[in-house]
Amino acid sequence: MNLTLYIWRQRDRNARGQMVKYHLSDVSPDMSFLEMLDLLNQKLYESGEEPIAFDHDCREGICGMCSLVINGQPHGPQAATTTCQLHMRKFKDGDTIYIEPFRARAFPVIRDLVVDRSALDRIIQAGGFISAPTGSAVDANSIPVPRDEAETAMDAAECIGCGACVAACKNASAMLFTAAKIGHLKHLPQGQPERRRRVLSMVEQMDAEGFGNCTNYYECEAACPKEISVKFIAEMNRDYLKAALTDPNYGEKKSSSK
Amino acid sequence: MSRFVRMFHTSIGCKQIMAVTGVVLVLFVIGHLAGNLLIYAGQDALNQYAQNLQSMGPLLWLARLVLLAAFVLHIVAGVRLSKLNHQARDVRYQVNAFSQTDPLRKARVTAAMYMLQTGLVILAFVIYHLLHFTLGFIGREGYQLMQTLPDGTERHDVYGMVIFGFRQSAVALSYVVAMLFLGAHLVHGFGSMFQTFGAHNPVVVSLVKVITPIAVAFIVIGNCAIPLSILLGLYGGGGS
Ligand code: HEM
Ligand code: FES
């Protein structure tokens, strides 16, 4: 396959970036999208040019490191697929492909196609955990969990935190991510004690990071490589409303979580 | 009150304020239309309805106050969130594409992208509409019409005023256009409310899918029928 690529190049956080055009030949349809970029980098390297920086790790769709907006779609045109799992047979010989980094104010570009997604980690730090006493481990199965609740919790826990929802959202909102992290704990008994505090602090951390707000477009759900449902956003909305109306401290000035 | 302030300053809380006020506005729009359709029951029916409303006194003012508060809050919250959302994507994409393929969903996303714009057109229309039919600063001649009752007393001739107003094509058409914008706003807004309150299960989702087109069609067709039937001379006696 022969391809024309337009790829975002940017030296560092503060530099001005731009789309740069590359021609790439001898692409096999069996290559993954990242292998195609590896091939391009090999050629750039051989000709003494700076290779293109992009994120990746497991290359099997589980770590959430790979990113990229390919022809306007996070993780490319194939539904329920990460960029690392996308294959070049999805494209045609002679295609032009535009490759951009995930765009959000909360995801500053570090270099070329690599963005800083640590804002998502800080949302988890704000409440995406349960507090458990240390010491001897509790017996497995000592806390019964209804099967459908366990399944729903697992659906939410499929989130790999890649940030495609943010990239796809017209408002760069991280609500699908945050809702999935809240959702997988709120469906389990272990998540109950901190449920109210969790939703308040995670949502407010999300706001503080500069993510947008959900206007119910549902592009996030369509772009999510794990097909997390927007019903978790609805659940988060409901939990937030309940906490805002009933939490005894909600009216006080912002609970300083630090 | 302090709960309200904190809600206003968060993304989800602010959106929920917009949704609550949205419910108030939607209920108002439906009630307002139901009342106005009395025009088709004749001059006496509409004028009597208007007189009854006027005679409610303090209750009418309470309702007006609630509506005004809802409207202002809705707009302030809408503008605040739109601004934040705009800032959240500081660098735009070179290529934009929808990931959704369902045509109905695409239509809703398109409506969703222009909520602020359609909302601002509605705001302009509401101001014009109040100056026109409620305060009578515009179209004074129609506003001054009076109906003389058999017992000799006079009352405001709302029926005559509406017929007079909508015989002018520019007036009638501006109402029609405004209602199309309201329809576009509600194509997304109606279903969006449910999600914002957290009502998302298979029953609600399929109900919203069915009710949205019915509710929007009722509001748009109902509201457009009045100016159009009068302008075209189908109702209210002879064309202009
Ligand atoms: C009769 C007048 C109006 C009605 C019935 C109405 C109704 C609604 C409803 C039901 C929603 C959905 C709330 C939600 O998503 O939870 C909404 C959202 C919204 N409205 Fe209005 N609205 C009206 C006027 C306005 C005006 C004057 C503005 C002017 C700024 C406006 C701006 C917005 C915005 C920006 C949204 C958010 C859209 C989104 O979340 O995608 N609306 N409206
Ligand atoms: S590289 Fe791990 S998910 Fe793509």
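Engineer: Help me out: how do you make sense of helix H5 (residues 103–113) of chain B in this one?
Structural biologist: Taken as a whole, H5(B) has its buried residues at Arg108(B), Val109(B), Ala111(B) and Ala112(B). For H5(B), the angular spread of buried residues about the axis comes to 160°, placing them on one side. Opposite the buried face of H5(B), at more than 90 degrees from it, the exposed residues are Pro103(B) and Lys106(B). Along its buried surface, H5(B) packs onto helix H7 (219–223) of chain A together with helix H6 (115–134) and helix H9 (169–197) of chain B.

Engineer: Just to check I follow, could you spell out the site of ligand 1 for this structure?
Structural biologist: Neighbouring ligand 1 are 27 residues, the closest being Thr215(A), Gly22(B), Gly78(B), Gly119(B) and Gly189(B). Listing elements by their share of the shell around ligand 1, those giving two or more residues are helix H2 (11–36), helix H4 (58–88), H6 and H9 of chain B. Residue composition of the shell around ligand 1, by class: 15 nonpolar, 11 polar and 1 charged.

Engineer: Explanation requested: the domain arrangement of chain A in the structure shown.
Structural biologist: Buried accessible area, meaning the area lost when the parts come together, often serves as the stated size of an interface. Residue and element names in this part refer to chain A. Partitioning chain A into domains gives domain 1 (3–111) and domain 2 (118–246). Centre-to-centre, using C-alpha coordinates, domain 1 lies 29 Å away from domain 2. Across the contact, 18 residues belong to domain 1 and 16 residues belong to domain 2. For the side of domain 1 that touches domain 2, the residue count by class is 9 nonpolar, 7 polar and 2 charged.

Engineer: I tried to follow the confidence of the model for chain B on my own but got confused; where do I start?
Structural biologist: If pLDDT is low for a region, its predicted coordinates should not be looked at in detail. Averaged over chain B, the pLDDT score is 94; the fraction of residues at 70 or greater is 99%. Predicted as a complex, the structure gets a pTM of 0.93 and an ipTM equal to 0.92.

Engineer: Got a minute to help me understand the sheet that holds strand S1 (residues 3–9) of chain A in this structure?
Structural biologist: In a beta sheet, neighbouring strands pair by backbone hydrogen bonds and run either parallel or antiparallel. Sheet architecture is open: 5 strands sit in the order S2-S1-S5-S3-S4 (chain A), paired in mixed fashion. Looking at which strands have only one partner, the edges of the open sheet turn out to be strand S2 (18–24) and strand S4 (73–74) of chain A.

Engineer: Quick question: what am I supposed to make of unusual backbone geometry here?
Structural biologist: Peptide bonds are trans in most cases, and residues, glycine excluded, mostly fall at negative phi. Residues and elements named next belong to chain A. Phi at Asp 26 takes a positive value of approximately 60°, unusual for a residue other than glycine. Along the polypeptide, Asp 26 turns up in the loop between S2 and helix H1 (33–46). The class of Asp 26 is exposed, set by 10 C-beta atoms lying within 10 Å. Positive phi is not limited to glycine here, since Asp 112 has a value of about 45°. Looking at the secondary structure, you find Asp 112 in the loop between strand S6 (109–111) and strand S7 (114–115).

Engineer: Where do I start with the environment of Gln18(A) in this structure?
Structural biologist: Inspection of the secondary structure assignment puts Gln18(A) in strand S2. Separated by 140 residues in sequence, Gln18(A) and Glu158(A) have C-alpha atoms that sit 34 Å apart.

Engineer: Whenever I open this one, the interface of chain B and chain A confuses me. Can you help?
Structural biologist: Taken together, the contact between chain B and chain A spans 38 residues of the former and 40 residues of the latter. Listed by contribution, the elements that provide at least two residues to the side of chain B that touches chain A are helix H1 (2–8), H2, H4, H5 and H9 of chain B. Class assignment for the residues of the side of chain B that touches chain A results in 16 nonpolar, 16 polar and 6 charged.

Analysis parameters
- Residues numbered from 1 in each chain as written.
- Chains lettered and ligands numbered in written order.
- Predicted model: local features only at pLDDT ≥ 70, side-chain atom pairs only at ≥ 80, totals over all residues.
- Buried ≥ 20, exposed ≤ 12 C-beta atoms within 10 Å, placed from the backbone.
- Helix = DSSP H or I, 4+ residues; strand = E, 2+ residues; numbered from the N terminus.
- Arc of directions from axis to C-beta.
- Contact = placed C-beta atoms within 7 Å.
- Near = placed C-beta within 6 Å.
- Nonpolar A, V, L, I, M, F, W, Y, C, P; charged D, E, K, R; others polar.
- Domains from an automatic or database assignment.
- pLDDT = per-residue confidence, 0-100.
- Pairing = 2+ DSSP bridges.

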